[in-house]
Amino acid sequence: MKTAAFIFDVDGTLAETEEAHRQAFNATFAAAGLDWHWDAPLYGELLKVTGGKERIRAFLERAYPGVVMSDESIVGLHRQKTKAYGDIIVGGGVPLRPGVRELIQFAKLQGIKTAVATTTNLPNVDALCVAFWGEPAGAVFDVIAAGDEAPRKKPAPDIYTIALDRLGLEPKDCIAFEDSRNGLLSAKSAGLRVVVTPSQYSTGEDFTEADLCLPDLTGFDVAHFTRAPAEGLENP
Ligand SMILES: [Mg+2]
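Just so we're clear, the structure is a prediction, and the values are computed from it rather than from any experiment. The numbering scheme is per chain: residues are counted from 1 as the chain's sequence reads. Local features in this predicted model are restricted to residues whose pLDDT is 70 or higher, and side-chain atom pairs enter the listing and the counts only when it is 80 or higher, whereas totals over whole chains, interfaces and linings include all residues. Values shown for side chains rest on all heavy atoms present in the structure; no hydrogens or waters enter the calculation.

Focus: the coordination of the magnesium ion
Coordination here is defined by N, O and S atoms within 2.8 Å of the metal (3.2 Å for Na, K and Ca), and since water is not considered, a site can look incomplete. Taken together, the protein donors to the magnesium ion comprise Asp9 (OD), Asp11 (O) and Asp179 (OD), at separations of 2.1 to 2.2 Å. On the primary sequence, the residues serving as donors to the magnesium ion are separated as D-x1-D-x167-D. Taken as a pair, aspartate 11 in the loop between strand S1 (5-8) and helix H1 (18-31) and aspartate 179 in the loop between strand S4 (174-178) and helix H9 (181-189) lie far apart in primary sequence, 168 residues in all. The buried category is assigned to aspartate 179, whose relative accessible area is 5%. Secondary structure elements follow DSSP: runs of H or I no shorter than four residues count as helices, runs of E no shorter than two count as strands, and numbering proceeds from the N terminus. Per-residue accessibility, obtained with a 1.4 Å probe over protein chains only, is compared with the maximum for each type, and a residue is labelled buried under 20%, exposed over 50%, and partly exposed between these values.

Take a look at the structure:
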């Protein structure tokens, strides 16, 4: 069985970005005159909600039930947060996770296509790629599926389905890389084989459905899937 593409989640999978996201949210709230502060335990809870705008909405409902904030206000806050996040990333505050750079290089050498399927938005992905590769996302990955392109965010399969359509490939020929349970369920629902590398905020989640679970990508060998296809998959 030949693997035709690797599809990567971004936050937590390519890099431990969640602390940068949390800092950017808090800086944005302070600049807007809001006395909201998301500490690490609260942010861990809020990460169960995928998508930044959705996360702000979920926080409001939880912390200030009955308080109404317009969609426009949330979109405005989120736009400021995206800018603050980009500044942190471009400043070089977050490294790639171990093995990521090497695996993407390996894919290019082997003719394996690369894609991202993420609920984070394109400016955030571009900021990361510029910081790590010196080029925007479109120059690093063959296909980008990001942010609000998917009507339903992870754990729905939509963003992976969009990435697969753009790759022009069947899910059985691709491998997804994820760090969270929501991401794992999303990729599995799209029919993909999934490698999970738990991150700072997702350690301890249930990854039972993963085809492979590793501490990081330094130990990943694509031959794992060539030698021993999971039950129910096509034989090589
Ligand atoms: Mg993730």
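Having put the structure on the table, let's press on.
Here we look at the packing of H1 against helix H4 (residues 71-90)
Comment: axis = line fitted to C-alpha atoms, over the contacting stretch for helices; angle = value between 0 and 180 degrees taken between N-to-C directions. It is the contact of H1 with H4, at a shortest axis distance of 8 Å, that shows an interaxial angle of 130°. Considered as vectors, H1 and H4 are oriented oblique to each other. The hand of the H1/H4 crossing is right-handed. Side by side, H1 and H4 meet where Ala20, His21, Gln23, Ala24, Phe25, Thr28 and Phe29 of the first sit next to Leu77, Gln80, Lys81, Ala84, Tyr85, Ile88 and Ile89 of the second. Charged residues are taken to be Asp, Glu, Lys and Arg, nonpolar residues to be Ala, Val, Leu, Ile, Met, Phe, Trp, Tyr, Cys and Pro, and polar residues to be all remaining types, Gly included. Of the residues that constitute the contact of H1 with H4, the class distribution is 9 nonpolar, 4 polar and 1 charged. Roughly parallel refers to an angle under 35 degrees, roughly antiparallel to one over 145, roughly perpendicular to one between 65 and 115, and oblique to any angle outside these ranges. Crossing handedness is read from the near helix: turned anticlockwise from the far helix by less than a right angle, it gives a left-handed crossing, and turned clockwise, a right-handed one. Contact criterion: two residues are considered in contact whenever any of their non-hydrogen atoms come within 4.5 Å of each other.

Section: the packing of aromatic side chains
Centres within 6.5 Å are what make two rings of Phe, Tyr or Trp a pair, Trp counting through its six-membered ring; a difference in plane orientation under 30 degrees is then read as stacked, over 60 as edge-to-face, and the rest as tilted. Applying the stated criterion across every chain yields a total of 20 aromatic pairs. Considering the side-chain rings of phenylalanine 29 and tryptophan 38, the 5.0 Å spacing of their centres and the 65° angle between planes classify their relative orientation as edge-to-face. With respect to burial, phenylalanine 29 and tryptophan 38 carry one shared label: buried. Centre to centre, the rings of tryptophan 133 and phenylalanine 141 are 6.0 Å apart; their planes meet at 80°, and the pair counts as edge-to-face. A residue is classified by how much of its surface remains accessible, and phenylalanine 141, at 3% relative accessible area, is buried. Through a chain of ring-to-ring contacts, three or more aromatic side chains come together here, namely Phe6, Phe8, Phe132, Trp133, Phe141, Phe177, Phe220 and Phe225. Across the ring face of phenylalanine 25, the terminal group of lysine 81 is positioned such that the distance to the ring centre comes to 4.6 Å. Only when the NZ atom of a Lys or the CZ atom of an Arg is both within 6 Å of the ring centre and within 35 degrees of the ring normal do we say a charge sits over the ring. Above the ring of tyrosine 85, the side-chain terminus of lysine 81 is found at 5.1 Å from the ring centroid.

Some words on the pairing of S4
Of all 5 residues in S4, 5 are buried, a share of seventy percent or more. Taking every second residue as pointing to the same face, both faces of S4 are buried, with Cys174, Ala176 and Glu178 on one and Ile175 and Phe177 on the other. With 4 bridges joining them, S4 and strand S5 (residues 193-196) adopt parallel strand pairing. Bridge assignment links alanine 176 to a residue of S5, and that residue is valine 194. Taking the sense of rotation as the criterion, the β-α-β connection linking S4, H9 and S5 turns out right-handed. For two strands to pair, DSSP has to find at least two bridges joining them. Assignment of crossover handedness uses the view with strands pointing away from the viewer, where a clockwise path from the first strand over the helix to the second indicates a right-handed crossover.

Overview of the pattern of salt bridges
Salt bridges are identified by distance alone: a Lys or Arg side-chain nitrogen within 4 Å of an Asp or Glu carboxyl oxygen. Taken as a whole and judged by the stated rule, the model has 15 salt bridges. The residue aspartate 9 makes a salt bridge to lysine 154 at a minimum N-O spacing of 3.1 Å. Of this pair, aspartate 9 sits in the loop between S1 and H1 while lysine 154 sits in the loop between strand S3 (143-146) and helix H8 (158-167); the two residues are 145 residues apart in sequence, bridging distant segments of the chain. The residue arginine 181 makes a salt bridge to aspartate 206 at a minimum N-O spacing of 3.9 Å. Here arginine 181 is found in helix H9, whereas its partner aspartate 206 is found in the loop between S5 and strand S6 (212-213), with 25 residues between them in sequence. When its relative accessible area of 24% is taken as the criterion, arginine 181 is described as partly exposed. Here the salt bridges do not stand alone but share partners, grouping Lys53, Glu54, Asp148 and Lys153 into one network.

These values are about where atoms sit, not about what they do.
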